[in-house]
Amino acid sequence: WEGIPTVTSDMIIRVAHSHAARLEILSARGPQESEGLNWTRILGHIDNGIQEDWYHGVSQQGQRAYYWYRYRNTSSTFVGRSDSYMIGQADVSGNYQAFINTPVNQRERFLVTSPDARVQTNSDPTSDGLYFGYRESTRGFRPERGLYHFSYYQYERWPERNSSYRVGQIPLYTVDEMNLYRALAAFRTGNLAQAAEYANMTRVGNGGLPPLTAAGVPEAADCVPQTKSGQCGSLEQAIQYEFLVELQMLNCLYPWLTRRHFGTLTPGTFTQIPIPARELETLGLPIYTFGGPSGENTAGPFRW
């Protein structure tokens, strides 16, 4: 509650409901678990949740729990980058498909051309969009470790671009987040038209993209998002794309939890986090892990 002058019981209750909705949704380890969630209960949490974006006021003392994460992802020192497999879904030039069809150990970053205003301006691959900035520098990245996740694009949303990570405000929960949960709830319960309507709030309102329909992304040569084979995305993929573009800086686990939920983690990624080795050693239990090719609790092939 730091930085908030007055805290009421109603505020606490609403934040708790929104947090409960987030926890229930992002706990699902794949589409099958997602379909089995109690969406009626989740919608009840959303209805009783926040009615406006919930911000945490930044201060020198309050930065450490969250703002170091933002600093290391958006500063010129640590130059965090958006994953190629995420930003590639916005590409309409064919470069993403060429990247996918290149052997993994030869994949390198590529220029994205996208009509999504959040990614870039006027489909210029080297311009800054509303949320992403083009960055040429490779500082902080060692080529011998592989560049297949490394892109030219840095996520720079919240607080305002070019501000210090110690000033401004970053939301902890947003109305857009709740509306995207509504979109997912509608999709999982078979109301596809309503799912498209909720997803369009950010897709059209922030991205300037053509509205989704119950059938998914409208067919066009420059449709967004696209699959790894160059087809226009399904409604489910478009909802996931909105999650990733709109919400990824709300907390450090959000991108991984989102992709786990939709079953789109990079093949071989762990889908469950093991108990830390030090704790296992303290308890006298064998050390184990998850993920890896053909490993336990590991992501399968790309869905899209």
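Notes on the structure in this doc start here.

Cut-offs applied
Residues numbered from 1 in each chain as written. Predicted model: local features only at pLDDT ≥ 70, side-chain atom pairs only at ≥ 80, totals over all residues. Heavy atoms only, no water. Disulfide = S-S within 2.5 Å. Buried < 20%, exposed > 50% of the residue type's maximum accessible area, 1.4 Å probe, protein only. Helix = DSSP H or I, 4+ residues; strand = E, 2+ residues; numbered from the N terminus. Expected span 1.5 Å × (residues − 1). 1 Å grid on protein atoms, 1.4 Å probe; cavity = no way out; pocket = protein on both sides within 12 Å on 5 of 7 lines; lining within 4 Å. Points joined across faces, edges and corners; volume = space filled by probe spheres on them. Nonpolar A, V, L, I, M, F, W, Y, C, P; charged D, E, K, R; others polar. Contact = heavy atoms within 4.5 Å. Phe/Tyr/Trp six-rings, centres within 6.5 Å; stacked < 30°, edge-to-face > 60°. Lys NZ or Arg CZ within 6 Å of the ring centre and 35° of its normal. Salt bridge = Lys/Arg side-chain N within 4 Å of Asp/Glu carboxyl O.

## A look at the state of the cysteines
Covalent bonding between the sulfur atoms of two cysteines is what defines a disulfide.
In step 1: Taken as a whole and judged by the stated rule, the model has 1 disulfide.
In step 2: Paired by a disulfide, C223 and C232 hold their sulfur atoms 2.2 Å apart. Because the torsion about its S-S bond is -100 degrees, the bridge between C223 and C232 counts as left-handed. As far as burial versus exposure is concerned, C223 and C232 are alike and both buried.

## A short note on helix 9 (residues 235-247)
In step 1: Here helix 9 is 13 residues long and its end C-alpha atoms lie 18 Å apart, about the 18 Å a rise of 1.5 Å per residue gives.
In step 2: The buried fraction of helix 9 amounts to 13 of the 13 residues, a majority that puts the element mostly inside the structure.

## Considerations on empty space enclosed by the protein
In step 1: Following the criterion strictly, the structure yields 1 cavity of 30 Å³ or more and no others.
In step 2: The calculated volume of the largest cavity comes to roughly 50 Å³.
In step 3: What lines the largest cavity is simply Y85, Q89, Y96, Q240, R259, T264, F302, R303 and W304.
In step 4: Each residue belonging to the lining of the largest cavity can be placed in one class, and the counts come to 4 nonpolar, 3 polar and 2 charged.

## Focus on the side chain of E24
In step 1: Note that E24 resides in helix 1 (residues 9-26).
In step 2: Not counting the four nearest positions on each side in its chain, E24 is found in contact with L37, R41, I42 and H45.

## Focus: the side chain of Q240
In step 1: Relative to the helices and strands, Q240 resides in helix 9.
In step 2: Setting aside its immediate chain neighbours within four residues, Q240 contacts Q89, T258, R259, F262, T264 and W304.

## Let's talk about the environment of G140
In step 1: Here G140 shows up in the loop between strand 2 (132-134) and strand 3 (153-155).
In step 2: Taking the C-alpha atoms as reference points, G140 and G80, separated by 60 residues in sequence, lie 8.4 Å from one another.

## Things to note about the environment of E296
In step 1: Along the polypeptide, E296 turns up in the segment after helix 11 (277-283).
In step 2: Along the primary structure E296 and F270 are separated by 26 residues, whereas in three dimensions their C-alpha atoms are 8.0 Å apart.
In step 3: Residue contacts for E296: discarding those within four places in its chain leaves F290 and G291.

## Overview of the packing of aromatic side chains
In step 1: Here the structure, examined in full by the defined rule, presents 14 aromatic pairs.
In step 2: Centroid distance F132 to Y155: 5.0 Å. Interplanar angle 80 degrees. Geometry classified as edge-to-face. Highlighted residues: F132 in strand 2 and Y155 in strand 3, separated in sequence by 23 residues. Of the two residues, F132 and Y155, both sit in the buried class.
In step 3: Taken together, Y85, Y96, F99, F110 and F302 form an aromatic cluster joined through their ring pairs.
In step 4: Between the NZ or CZ atom of R107 and the centre of the ring of F99, over which it lies, the distance is 5.5 Å.

## Overview of unusual backbone geometry
In step 1: The residue after V224, namely P225, is reached through a cis peptide bond having omega 0 degrees.
In step 2: Assignment of secondary structure puts P225 in the loop between helix 8 (192-203) and helix 9.
In step 3: Not every positive phi belongs to a glycine, and S123 is a case in point at roughly 55 degrees.
In step 4: One can find S123 in the loop between helix 6 (95-100) and strand 2.

## Quick notes on the pattern of salt bridges
Once the charged atoms of two side chains with opposite charge are near each other, the side chains can pair.
In step 1: The final tally for this structure, using the stated rule, is 13 salt bridges.
In step 2: Here E24 ties to R41 by a salt bridge, and the two come within 2.9 Å at their closest N and O atoms. Of the two residues, E24 sits in helix 1 while R41 sits in helix 3 (residues 39-47), which places them 17 residues apart along the sequence.
In step 3: Accessibility expressed as a relative area gives 16% for E24, which makes it buried.

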